[in-house]
Amino acid sequence: MSGVGALASALPHLLALGVDDAPTGPQGLGLRATQGQVLEWPTLVPLPVLVPLVAAGLALALARHRRAQAAVSTVALSVVLATSVAMLLAVQDVGTLVVTVGGWPAASGISLVADQLSTLMLSVSSAVTLGVLVYSVAQGAADGDDGAPVAIFHPTYLVLSAGVSNAFLSGDLFNLYVGFEMLLAASFVLLTLGGTSARIRAGSTYVVVSIASSLVFLAAIALVYAATGTANLAQLPERLDALDDGVRLALQLSLLVAFGIKAAVFPLSAWLPDSYPTAPAPVTAVFAGLLTKVGVYAIIRTQTLLFPEGRLDDLLLVVALATMVVGILGAVAQSDVKRLLSFTLVSHIGYMVFGIAVGSVAGLASAIFYVVHHITVQTTLFLVLGLVERRGGSTSMDHLGGMAKLSPLLGVLFFVPAMNLAGIPPLSGFLGKVGLIQAGVADGGVLPLVLVGGSVLTSLLTLYAVAKAWNRAFWSRPATVGREEETRADDDEAPDAATTLSGVGEVSQRQDAVERAQGVSAVATREDDEAAAAGALTGAAVDPERTPVEMTRVPRGMVAPTAALVALGLSLTVLAGPLLRVAEDSALELDQRQPYVRAVLGQAAADRVAPTTQVGPAGGSR
Amino acid sequence: MSPALVLVAVVFVLVATGVYLVLERSLTRVLVGVILMSNGINVLFLVASGAAGEPALVGSAEPARMSDPLPQAMVLTAIVITLGLTAFLLAMAYRSWQLHGHDEVQDDVEDRQVRGRAVRDETSGSYDPDDEEAPVEERSEDRRRAHASPSPRDRSPGDGPRRAAQRREEGP
């Protein structure tokens, strides 16, 4: 599967390279500027895509040597992180970096463009990817060699990372599609790792929805090409501006629907809380952090660069409100913390869409800042939850309890990002939300003001949801209550209790994969809530008794990357000044549109593209 | 340029039947639907590439008379990708059949539970009655009452007397 994704992405590159060797090949070599010196900045641009792909092949070849495989992946993702940060710094100095792959001119070839937004996204995503990789390596080391299918984990994970990088760097719509497909194909494999019943169930929804969204995207690309004759993001602004209004609106809508499914924006978000929680903890963490954000990135890129008039801004505002409120109400109703966090993930996508829909530079800057914050925080929370699951044997609030006493460190690790998510000052979540609210108030319209109210409400409800999880999991007393009820349950529901007992016993033997499957099958047999209550309570009472050894060990190797990511989340608060400046610069760059076009096609083409602020009828707001 | 009507009709039929099949519950039918839809969209690329021309090989014809090679390259990539995804979907349908004896997409169990609680007007499973700041004696009495009642959930305040009474009538 991953091989297909890799092949698919490599195919256009190979074609381009092949033709480039011919003497009659296109003139204007993209890398000609770099031939004088050994290394110039644009040389770095393809690395975040190439290095993980090469490493994926290497890791697949080393499938039998776990250590070597882990080393290859870690080194590769470290290189990607270093490259991304270097590019982020370089872009501040020398401006947007462009590489036209294979030396084809930008209009017909594939261009990779690293501007401020791309490199910022790339840096954060690769930091998070590396952290999750270290976590999962430690988890694998702790669990021993029983999990045989894990041999494909590393290659697939690397392809996922390459796909994410490709999507961020892509300079044309079709390459963006290829990036999406790479990361989706990899995510299918990761989500259904081991092929247990629960994962197949969750995976089938996810795969079908993802394929449907990809087909919508593909159709949109075909329509864009039919209308303009190009899929290049730098060429499109000029040609789209020349199009009929109705045609442009149709293209905008079809692209928005495609990206809306990927970003899990409200009416298109039902697949997410259904599918994410069943995956292993590190996989859920990286999905939650990255995959939806790639969709948000695509929305930002296309809305600013291609469709600057903002005719759908009102629609986006309504959708953002619905995403925030419906998402968080879903979170409040959940009793499983993983599912709760999946719903908050949907809900907080609404904040980013809000920032995009407001359309001012300030709104965009806040949305970008919020994406950076949310990638870090959401990933960290899922990683911590993986640790909680190891320590407490469950992620359900009905089963957990007294974790604060069991492991104060986990308490801190959960508390900080949870409060960050809810937006408690002075953390970065608060700064992002304040930025969005300011942008909404500055806009002054009725709808943005309603959105401001909605975002405050969502923030409060997020606080309620995570505080509930925190109270129930870390401070409640399940053991005493559980034991008392257990005797009662044994009297009343002896058969049911016995079945769940054996279910739970098996659960604690194996990893979370089996656990979810068992839990679901146990749940499925519960006919009425009496049985459910008995199952829940015996679960709470039995867990600590049956497996005292298994759950009291949380490997240091897993705690360290989690703590590092918590620290990264905190550093976003400390570094909020410079970060906001980068976000504002990139928002300004997006708003002007010309820098992007100039970097890819040159000054003459850029002059034919009007900046956003001059296109809109309102002038000043898109 | 006016697009060929036949191609547009083919796209329409393929995508429409594909959408119809994707809405089915059986993964195999979904798979067939996905194949039809993706083929329809591949044909859409042919529409996008404009009128047919000479093969786009360097030196074989005048560039002006060649057909547009770019959509062809895109379709080629899209076909390869769809092939991979289809293979994966097929494997998953097979695995689902192995595990369950059928390949139907199932409902989310946890989701159904949450919905069931809403229908029965109960408090969420994550609600903790011990959070209430009730005096100790009252709470222990509460617990004794709960002991006698058919379900511990009956004592949750959100339940209301009507539900509790109804529950008693229904019996355990």
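The rules behind each value
- Residues numbered from 1 in each chain as written.
- Chains lettered and ligands numbered in written order.
- Predicted model: local features only at pLDDT ≥ 70, side-chain atom pairs only at ≥ 80, totals over all residues.
- Heavy atoms only, no water.
- UniProt positions renumbered as here; feature names shortened; annotations may be inferred.
- Helix = DSSP H or I, 4+ residues; strand = E, 2+ residues; numbered from the N terminus.
- Buried < 20%, exposed > 50% of the residue type's maximum accessible area, 1.4 Å probe, protein only.
- Contact = heavy atoms within 4.5 Å.
- Axes fitted to C-alpha atoms, helices over the stretch in contact; angles between N-to-C directions.
- Parallel < 35°, antiparallel > 145°, perpendicular 65-115°, else oblique.
- Left-handed = near helix turned anticlockwise from the far one by under 90°.
- Nonpolar A, V, L, I, M, F, W, Y, C, P; charged D, E, K, R; others polar.
- 1 Å grid on protein atoms, 1.4 Å probe; cavity = no way out; pocket = protein on both sides within 12 Å on 5 of 7 lines; lining within 4 Å.
- Points joined across faces, edges and corners; volume = space filled by probe spheres on them.
- Phe/Tyr/Trp six-rings, centres within 6.5 Å; stacked < 30°, edge-to-face > 60°.
- Salt bridge = Lys/Arg side-chain N within 4 Å of Asp/Glu carboxyl O.
- Pairing = 2+ DSSP bridges.
- Polar contact = N/O pair within 3.5 Å; in protein donor to acceptor, adjacent residues only side chain to side chain.
- pLDDT = per-residue confidence, 0-100.

If you look chain B up in an unreviewed UniProt entry, it shows as Na(+)/H(+) antiporter subunit C from Pseudokineococcus marinus. The UniProt entry for chain B carries this comment under Subcellular location (unreviewed entry): "Cell membrane". Checking UniProt for chain B, the heading Sequence similarities (unreviewed entry) contains the comment "Belongs to the CPA3 antiporters (TC 2.A.63) subunit C family."

Caption draft 1: Structural detail: the overall build of chain B. Scanning chain B for helices and strands turns up six helices and zero strands. Mapped from its N terminus to its C terminus, chain B presents α and β elements in the order α-α-α-α-α-α. Per-residue burial over chain B gives 37% buried out of 172 residues. The contacts of chain B with a sequence gap of at least 6 include a subset with a gap of at least 24, amounting to 52%.

Caption draft 2: Broad picture of the environment of L451 of chain A. Residues and elements named next belong to chain A. Summarising the element assignment, L451 is placed in helix α18 (residues 446-475). Judged by relative accessible area, L451 falls into the buried class, the value being 0%. Sequence separation between L451 and V441 is ten residues; the distance between their C-alpha atoms is 9.4 Å. Setting aside residues up to four positions removed in sequence, L451 forms contacts with L317, A320, L321, M324 and F354.

Caption draft 3: Quick peek at the packing of helix α11 (residues 281-305) of chain A against helix α13 (residues 337-358) of chain A. Residues and elements named next belong to chain A. The contact between α11 and α13 brings their axes to 11 Å, and the two run at 15°. Classified by the interaxial angle, the pair formed by α11 and α13 is roughly parallel. In terms of crossing hand, the pair formed by α11 and α13 is right-handed. Where α11 approaches α13, its residues A281, A288, T292, K293, V296, I299, I300 and Q303 are matched on the opposing element by K338, L345, I349, M352 and I356. The class makeup of the residues in the contact of α11 with α13 is nine nonpolar, two polar and two charged.

Caption draft 4: Quick look at empty space enclosed by the protein. All names here are of chain A. Across all of its chains, the model carries seven cavities of 30 Å³ or more by this definition. Looking at the largest cavity, its volume works out to about 120 Å³. Around the largest cavity, the lining comprises 13 residues; the ones closest to its centre are L184, Y206, S210, K262 and W271. In terms of residues, the lining of the largest cavity owes the most to one element, helix α7 (residues 197-228), which gives four residues. Of the residues belonging to the lining of the largest cavity, the class tally is ten nonpolar, two polar and one charged.

Caption draft 5: Quick look at the UniProt feature "transmembrane region" (unreviewed entry) in chain B. Residues and elements named next belong to chain B. Using the residue numbers shown here, the UniProt feature "transmembrane region" (unreviewed entry) corresponds to residues 6-23, 30-53 and 73-94. Structurally, residues 6-23 comprises 94% helix and 0% strand, and the distance from its first C-alpha atom to its last is 26 Å. Along residues 30-53 one finds 79% helix and 0% strand; the C-alpha atoms at either end are 36 Å apart.

Caption draft 6: Unusual backbone geometry, seen in detail. Residues and elements named next belong to chain A. P426 follows P425 through a cis peptide bond whose omega is 5°. With respect to the helices and strands, P426 occurs in the loop between α16 (408-422) and α17 (428-443). For A264, which is not glycine, the phi dihedral falls at a positive 60°. For R593, which is not glycine, the phi dihedral falls at a positive 65°. Here R593 shows up in the loop between α25 (576-592) and α26 (594-601).

Caption draft 7: Spotlight on the packing of aromatic side chains. Residue and element names in this part refer to chain A. Counted under the stated rule, the structure contains 21 aromatic pairs over all chains. A centroid spacing of 5.1 Å and a plane angle of 35° characterise the contact between W470 and F474, whose relative ring orientation is tilted. Within this pair, W470 and its partner F474 are both found in helix α18, separated by four residues, close to a single helical turn. Comparing W470 with F474 shows no difference in burial state: the two are buried.

Caption draft 8: Main features of the pattern of salt bridges. Residues and elements named next belong to chain A. In this structure the tally under the stated criterion is nine salt bridges over all chains. Of the charged contacts in the structure, one is a salt bridge between R201 and D274, with a shortest N-O distance of 3.2 Å. With R201 in helix α7 and D274 in helix α10 (residues 271-275), this residue pair connects regions lying 73 residues apart in the sequence. In this pair, the class of R201 matches that of D274, namely buried. Ionic pairing is found between E238 and R608, a salt bridge with its closest N-O pair at 2.8 Å. Of this pair, E238 sits in helix α8 (residues 236-241) while R608 sits in the loop between α27 (603-607) and α28 (612-615), placing them 370 residues apart in sequence. Shared partners join several salt bridges into a network, and the residues in it are D245, R248 and E309.

Caption draft 9: Highlighting the packing of helix α2 (residues 47-61) of chain A against helix α5 (residues 153-169) of chain A. All names here are of chain A. At a minimum axis separation of 8 Å, α2 and α5 run at an interaxial angle of 165°. Judged by the angle between their axes, α2 and α5 are roughly antiparallel. Here α2 and α5 pass one another in a crossing that is left-handed. Along its contact with α2, which presents P48, V49, P52, L53, A55, A56, A59 and L60, the element α5 presents H154, P155, L158, V159, S161, A162, S165, N166 and L169. Residues of the contact of α2 with α5, tallied by class, amount to 13 nonpolar, four polar and no charged.

Caption draft 10: Looking closely at the environment of L160 of chain A. By the element assignment, L160 of chain A lies in helix α5. Those residues in contact with L160 of chain A that lie beyond four places of it in its chain are L183, A186, S187, L190, V286, F287 and L291 of chain A.

Caption draft 11: Layout of the pairing of strand β2 (residues 110-114) of chain A. Residue and element names in this part refer to chain A. The buried fraction of β2 amounts to five of the five residues, a majority that puts the element mostly inside the structure. Relative to β2, strand β1 (residues 97-101) is paired through five bridges, and the arrangement is antiparallel. Among the inter-strand pairings, V99 is bridged to a residue of β2, identified as L112.

Caption draft 12: Representation of the side chain of S170 of chain A in the model. Residue and element names in this part refer to chain A. Mapped onto the elements of the fold, S170 is located in the loop between α5 and α6 (173-191). Among the polar contacts made by the side chain of S170, one reaches the main-chain amide nitrogen of L176 at a distance of 3.0 Å. Contact partners of S170, with chain neighbours within four places excluded, come to S111, L112, N175, L176, L233 and Y596.

Caption draft 13: Spotlight on the pairing of β1 of chain A. When you tally the buried positions in β1 of chain A, you get five out of five residues, the bulk of the element. Covered by surrounding structure in β1 of chain A are L97, V99 and V101 of chain A together with V98 and T100 of chain A, the residues of both alternating faces.

Caption draft 14: Geometry of the confidence of the model for chain A. Averaged over every residue, the pLDDT of chain A is 78; the share at 70 or more is 78%. Confidence over residues 479-551 of chain A falls short of pLDDT 50; this stretch has 91 contacts with residues more than four positions distant or in other chains.

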